[in-house]
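Residue-level listing of the chains:
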Amino acid sequence: ARTALSRAISDRAPPPDPGATDTAAKAALVASADTLQGFADSLTGFASEESADDSFSSRKGQVPLPVAGTRLESFNEPGADGIARPGWTLATAPQALVSAPHGASIRYAGPLLDLGQVVILEPEPGVLLVLSGLAEVYGAQGSLVEAGEPVGLMGGIIAGADEILIESADGTGQDRSETLYIEVRQGQGPVDPAEWFAPTQ
């Protein structure tokens, strides 16, 4: 038995890259996607063997936001352009760091349509967190991230100290000039992020 164990250890190979088998298929989906909803729906066809943590559901209503910000638009609330989206739009500071709100696998990271850089996280099978409007994304498709680990960076330019003091004094909130869109998808459709995230403004 010891000889067999020793042989098994010496013959072991590194585990396969979980994202390698479907990278080409996902690239084809990105090229053919015409909406964020269509792309997110197509991702549910890929198995998520690396997301075995079932504790995300137990934190329903207590999950922290991925970035500090002020909610501009709620679930299905028309925005300034008159379009209602099935998610939240948050106003954030320029260059704000966006972090994984929970341990998850990265199902997609990169540009998508006209949404800027997009990160799609899967904290547990059947649940996707879509974060769009980023300037930069971190992490490779198929990799695992822990809660609080950076997954992206917002765009914009950080104001100088004098400008920050002026904006704080007049209360205009110009320091939150960037917007992050958050969508939570469960099964084949979007759900209200209010069901998952801790209460916010």
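Structure report, in brief. Keep in mind that this is a model prediction, so the values were computed, not measured.

**Comments concerning the overall build of the protein chain**
Logical step 1: A count of helical and extended segments in the protein chain gives four helices and 11 strands.
Logical step 2: Total accessible area computed for the protein chain in this model is approximately 10500 Å², and 55% of it derives from carbon and sulfur atoms.

**Considerations on the pairing of strand E6 (residues 127–134)**
Logical step 1: The buried fraction of E6 amounts to seven of the eight residues, a majority that puts the element mostly inside the structure.
Logical step 2: Of the pairings in the sheet, the one linking strand E5 (residues 117–124) to E6 comprises six bridges and is antiparallel in character. In the sheet register, glutamate 124 faces E6, and the bridge partner there is valine 127.

**Focus: the side chain of glutamate 124**
Logical step 1: By the secondary structure assignment, glutamate 124 is in strand E5.
Logical step 2: One buried charged side chain, glutamate 124, makes no salt bridge at all; its nearest oppositely charged neighbour is lysine 60, positioned 8.1 Å away.
Logical step 3: Side chain to side chain, glutamate 124 and serine 57 meet in a polar contact 2.6 Å long.

**Some thoughts on the nonpolar core**
Logical step 1: In this structure, Val98, Leu121, Val151 and Leu180 are the most contacted members of the largest nonpolar core, which totals 25 residues.
Logical step 2: When contributions to this core are tallied by element, the ones reaching two or more residues are strand E2 (88–92), strand E4 (104–111), E5, E6 and strand E10 (178–186).
Logical step 3: Per-element accounting of this core gives the leading share, four residues, to E6.
Logical step 4: In this structure, valine 151 is in contact with Val98, Ser99, Ala100, Val119, Leu121, Leu131, Glu136, Val137, Tyr138 and Val145, ignoring residues within four places of it in sequence.
Logical step 5: Listed in part, the six residues of the second largest apolar core include Tyr108, Ile120, Leu128 and Val130.

Rules and cut-offs
Residues numbered from 1 in each chain as written. Predicted model: local features only at pLDDT ≥ 70, side-chain atom pairs only at ≥ 80, totals over all residues. Heavy atoms only, no water. Helix = DSSP H or I, 4+ residues; strand = E, 2+ residues; numbered from the N terminus. Areas by Shrake-Rupley, 256 points an atom, 1.4 Å probe, with all protein chains shown as cover. Buried < 20%, exposed > 50% of the residue type's maximum accessible area, 1.4 Å probe, protein only. Pairing = 2+ DSSP bridges. Lys, Arg positive; Asp, Glu negative; His and termini not counted. Salt bridge = Lys/Arg side-chain N within 4 Å of Asp/Glu carboxyl O. Polar contact = N/O pair within 3.5 Å; in protein donor to acceptor, adjacent residues only side chain to side chain. Core = buried A, V, L, I, M, F, W, Y, C linked by side-chain atoms within 4.5 Å. Contact = heavy atoms within 4.5 Å.

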